[in-house]
Protein chains: 2
Amino acid sequence: MGSRLLTLARDLQRRRGRERRALFVAEGVRAVEEVVRARLSIRGALVTPQLLESPRGRTLKNSLESRGAELAEVSSRELASAADTETPQGVLAIAEVPQYSLDSLRLPVQARLLVLDGVQDPGNVGTILRTAAALGALAVLALPGTVDLWNPKVIRGAMGAHFRHPAMQVEPEELFSYLTQQDVELWGAETRGDQLNGIAPPARLAIAVGNEGAGLSESIRAHARRTVALALEPGVESLNVAVATGILLYALRGQVGLA
Amino acid sequence: MGSRLLTLARDLQRRRGRERRALFVAEGVRAVEEVVRARLSIRGALVTPQLLESPRGRTLKNSLESRGAELAEVSSRELASAADTETPQGVLAIAEVPQYSLDSLRLPVQARLLVLDGVQDPGNVGTILRTAAALGALAVLALPGTVDLWNPKVIRGAMGAHFRHPAMQVEPEELFSYLTQQDVELWGAETRGDQLNGIAPPARLAIAVGNEGAGLSESIRAHARRTVALALEPGVESLNVAVATGILLYALRGQVGLA
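Sequence positions are assigned chain by chain, starting from 1 and proceeding in written order. Chains carry letters and ligands carry numbers; both start at the beginning, A for chains and 1 for ligands, and go up in the order they are written. pLDDT decides what is reported in this predicted model: residues at 70 or higher carry local features, side-chain atom pairs at 80 or more are listed and counted, and totals for whole chains, interfaces and linings draw on all residues regardless. Only hydrogens and water are set aside when side-chain values are computed; all heavy atoms of the structure are taken into account.

Visitor: Would you explain the packing of aromatic side chains in this entry?
Guide: Each aromatic ring pair is specified by the distance between its two centres and by the angle formed by the two planes. Residues and elements named next belong to chain B. Side-chain rings of Phe, Tyr and Trp (the six-membered ring for Trp) are treated as a pair once their centres are within 6.5 Å; stacked means planes under 30 degrees apart, edge-to-face means over 60, and tilted covers the remaining angles. One pass over the full model with this rule turns up 6 aromatic pairs over all chains. Relative to W150, the ring of F24 lies with its centre 4.7 Å away and its plane at 45°, an arrangement referred to as tilted. Taken as a pair, F24 in strand 1 (residues 23–27) and W150 in the loop between strand 6 (139–142) and helix 7 (152–158) lie far apart in primary sequence, 126 residues in all. Just as F24 is buried, W150 falls in that class too. Geometrically, the ring pair formed by F24 and F163 is tilted, given 5.4 Å between the ring centres and 40° between the ring planes. The way it works is that DSSP assigns letters per residue, a run of H or I at least four long becomes a helix, a run of E at least two long becomes a strand, and they are numbered from the N terminus. The cut-offs for exposure are 20% and 50% of the maximum accessible area for each residue type, with area from a 1.4 Å probe on protein chains only; residues under the lower value are buried, those over the upper are exposed, and the others partly exposed.

As structure tokens, then:
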């Protein structure tokens, strides 16, 4: 039993394994607590004796058991062999990827969607997911070229955000037809875009942020109603994409009084 | 000669070595290019044959030579032994830490200063330095408990920002008397603070952001005129500190029309 879960967790280290099985791995006390709190379906968990050394760890083990999760005791070395982090704090859970879809989104009159157009760094994407949830984006939509949303480093940075808030991969054509259907205007963020200050956003807006180096894809550029930029000091090329996304979501939320 | 520079670079891996010698290490093509561009004083550079494989690398080597920097050819293995990154791209430069001081700051009528109150993650601090330069903060002031501003991971994230923009360590008492003297109001950022929207900032403002886990120090809390917060969705505890700093600097700059 332990070895079956261990083999499964190792298989989930690769994106292909995660996509085929629609499962992902949460590592460490905090991430596993978030999985429990979000009431995701838990396939099983690997624990080492280290987890039981702290009251918080013992509580977590009890929660996992009361949720009916299959638990396997493994050694620290075995746990490390299935984990991305060097110190997974004695626990790793295997859970089902929440099945969000565009059709299941309920768009209010005023809505903000965030589109990731080839954002590659998992730390950036994790931070962006956390930020989008905090600033009221209704969903995060990841186009091809974006890092897997269920990559362990993304999970770490997101701190549970996409366990509860919709985030999903979408194909460009699927996205564009959805936006048209739902009357959502698409904007792209780009350093050469129009200055954001003073532009009134539409009620329903999807804002796309691009790859850390190359920026937006041709396809997004072609479909965006406009591109916008944040005013930067002379001589500074760009902001980190997670910081830029935070400012955009904050500024565009504020302007229509969604806060 | 090569071995002397190599020994020096290794000594600069530790904060104590950097502080004693007032030197730091820039690793990789981009960071060393930024050192050259910022006209910092370069003590020497280690290069491997790999650097000469690209036109950009050859140009960089020429720039280093024309600046009179002492160059030492080393093996990839030797370079790696003195570097923080796994792939320093065949080049590492040793440069003098720019000597910024509070006294040398020229504060205009309207000014923004950023205070780092125990921010510990070097990736966060690097991103914050880059953001502060981009959004017009006049200087970044790091209180004790903040990671060393010349740590290699900070340098990587900052992308040259504090090679050109003032950033320095300060003691709390020194900071507080400077702010009083220069008529700069101090605010702290804190999730329980007043909602930022609708508060008019003073002409001269220093905004302090705290430790990733513990938040602001007692000393900053005691001296801050007020604490402010960004409006977050219910159920979300906090933003990443670099993202929060970006939003604060953007929002507070916008409100007084410094852009």
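Visitor: Honestly, the relation of the copies chain A and chain B in this entry has me stumped. Any pointers?
Guide: Mapping between the two copies of the chain is achieved by a rotation about an axis and a shift along the axis. Of the two same-sequence chains, chain A is brought onto chain B (RMSD 0.0 Å, axial shift 0.0 Å) by a rotation of 180°. When the rotation and shift are considered jointly, the pair of chain copies conforms to a two-fold rotation axis. Fitting of the copies onto one another was done by least squares over C-alpha atoms, counting residues only where both copies have pLDDT of at least 70.

Visitor: It is not clear to me how the interface of chain A and chain B should be interpreted in this structure. Could you clarify?
Guide: Contact between two residues is taken to exist if any of their heavy atoms lie within 4.5 Å; hydrogens are not considered. In this assembly, 27 residues from chain A lie in contact with 27 residues from chain B. Two parts placed together each lose some accessible area under a 1.4 Å probe, and the buried area is that loss summed for both. Roughly 2,300 Å² of surface becomes buried between chain A and chain B when both sides are summed, with 57% attributable to carbon and sulfur atoms. When the buried area of chain A at its contact with chain B is split by residue, R130, E233 and Y250 of chain A rank highest and sum to 25% of it. By salt bridge we mean one thing: a side-chain nitrogen of Lys or Arg within 4 Å of a carboxyl oxygen of Asp or Glu. The interface formed by chain A and chain B includes 2 salt bridges. A 3.5 Å cut-off defines polar contacts: any pair of N or O atoms within that distance qualifies, except that in protein one atom must be a possible hydrogen donor and the other a possible acceptor, and neighbouring residues in sequence count only when both atoms are side-chain atoms. Inspection of the chain A/chain B interface yields 12 residue pairs in polar contact (both at pLDDT 80 or more). Of all elements in the fold, only helix 6 (122–134) and helix 11 (241–255) of chain A reach the threshold of two or more residues within the side of chain A that touches chain B. Counting residues per element, the side of chain A that touches chain B draws most heavily on helix 11 of chain A, at 7 residues. Across the side of chain A that touches chain B, the residue classes break down as 15 nonpolar, 7 polar and 5 charged. Three residue categories are used. Nonpolar comprises Ala, Val, Leu, Ile, Met, Phe, Trp, Tyr, Cys and Pro, charged comprises Asp, Glu, Lys and Arg, and polar comprises the others, including Gly.

Visitor: Can you help me understand empty space enclosed by the protein in this one?
Guide: Once rolled over the atoms, a probe with the size of a water molecule shows which space is left empty. Using a 1 Å grid laid over the protein atoms alone, points where a 1.4 Å probe fits but cannot get out form a cavity; open sets with protein on both sides within 12 Å along at least 5 of 7 lines form a pocket; any residue with an atom within 4 Å of a point counts as lining. Grid points are joined across faces, edges and corners, and a volume is the space filled by probe spheres set on the points. All chains considered together, the criterion is met by 4 cavities of 30 Å³ or more. Counted as a void, the largest cavity has a volume near 60 Å³. Around the largest cavity sit L129, A132, A133, A137, L138, A139, V140, A161, H162, H165, P166 and A167 of chain B, which together line it. Only helix 6 (122–134), strand 6 and helix 8 (161–164) of chain B provide two or more residues apiece to the lining of the largest cavity. Among the elements that take part in the lining of the largest cavity, helix 6 of chain B stands out by supplying 3 residues, more than any other. Split by residue class, the lining of the largest cavity holds 10 nonpolar, 2 polar and no charged. A volume near 50 Å³ is recorded for the second largest cavity. Surrounding the second largest cavity, L129, A132, A133, A137, L138, A139, V140, A161, H162, H165, P166 and A167 of chain A form its lining. Mapped onto the lining of the second largest cavity, the elements with two or more residues apiece are helix 6, strand 6 (139–142) and helix 8 (161–164) of chain A. Sorting elements by how many residues they give to the lining of the second largest cavity places helix 6 of chain A first, with 3 residues.

Visitor: Explanation requested: the pattern of salt bridges in the structure shown.
Guide: Pairing between side chains of opposite charge can happen when the charged atoms of each approach one another. In the structure shown here, the tally under the stated rule is 42 salt bridges over all chains. Residues E34 of chain A and R164 of chain A are paired through a salt bridge, measuring 2.9 Å at the closest nitrogen-oxygen approach. A residue pair is termed long-range when its members are at least 10 positions apart, and E34 of chain A in helix 3 (residues 29–37) and R164 of chain A in helix 8 qualify at 130 residues. For E34 of chain A, a relative accessible area of 4% corresponds to the buried category. Note that D148 of chain B is salt-bridged to R18 of chain B, the shortest N-O span being 2.7 Å. In this pair, D148 of chain B sits in the loop between strand 6 and helix 7 while R18 of chain B sits in helix 2 (residues 15–21), placing the two residues 130 residues apart along the sequence. When salt bridges that share partners are traced, they join D11, R14, R20 and R21 of chain A into one network.

Visitor: Help me out: how do you make sense of the environment of L135 of chain A in this one?
Guide: The residue L135 of chain A is located in the loop between helix 6 and strand 6 in this model. L135 of chain A gets classed as buried once you look at its relative accessible area, which sits at 2%. Sequence-wise, L135 of chain A and E34 of chain A are 101 residues apart; in three dimensions their C-alpha atoms are separated by 19 Å. Dropping the residues within four chain positions of it, L135 of chain A is found in contact with G246, L249, Y250 and R253 of chain A together with A231, L232, E233 and I247 of chain B.

Visitor: I would appreciate a short explanation of the layout of surface pockets in the present structure.
Guide: All names here are of chain A. Counted as a void, the second largest pocket has a volume near 360 Å³. Residue lining of the second largest pocket: 19 residues in total, with E27, G28, T85, Q89 and R156 positioned closest to the centre. Looking at the lining of the second largest pocket, the elements with two or more residues in it are strand 1 (23–27), helix 3 and helix 7 (152–158). A per-element tally of the lining of the second largest pocket places helix 3 first, with 4 residues. Grouping the amino acids of the lining of the second largest pocket by side-chain chemistry returns 9 nonpolar, 5 polar and 5 charged.

Visitor: Help me understand the sheet that holds strand 2 (residues 42–47) of chain A, please; the structure alone is not making it clear to me.
Guide: Hydrogen bonds between backbone atoms are what pair the strands of a sheet, whose relative direction is either parallel or antiparallel. Residues and elements named next belong to chain A. For two strands to be treated as a pair, DSSP must find no fewer than two bridges joining them. Here 4 strands make up an open sheet; going across it, the order is 1-4-2-3 and the pairing mixed. Whereas interior strands pair on both sides, the edge strands pair on one side only; in this sheet they are strand 1 and strand 3 (70–73). Between one strand axis and the next, the sheet turns by 20° as a mean value, whatever way the strands run. Pairing of strand 2 with strand 4 (residues 91–96) involves 5 bridges; the strand directions are antiparallel. Opposite A45, over in strand 4, you have A93 as the bridge partner. Structural elements are reduced to axes, namely lines fitted to C-alpha atoms, with helices fitted over the stretch in contact, and the angle between N-to-C directions of any two is expressed from 0 to 180 degrees. Relative to strand 1, helix 3 is tilted by about 130°, and along the sheet it contacts strand 1, strand 2 and strand 4. Helix 4 (residues 55–66) contacts strand 2, strand 3 and strand 4 of the sheet and is inclined by roughly 135° relative to strand 3.

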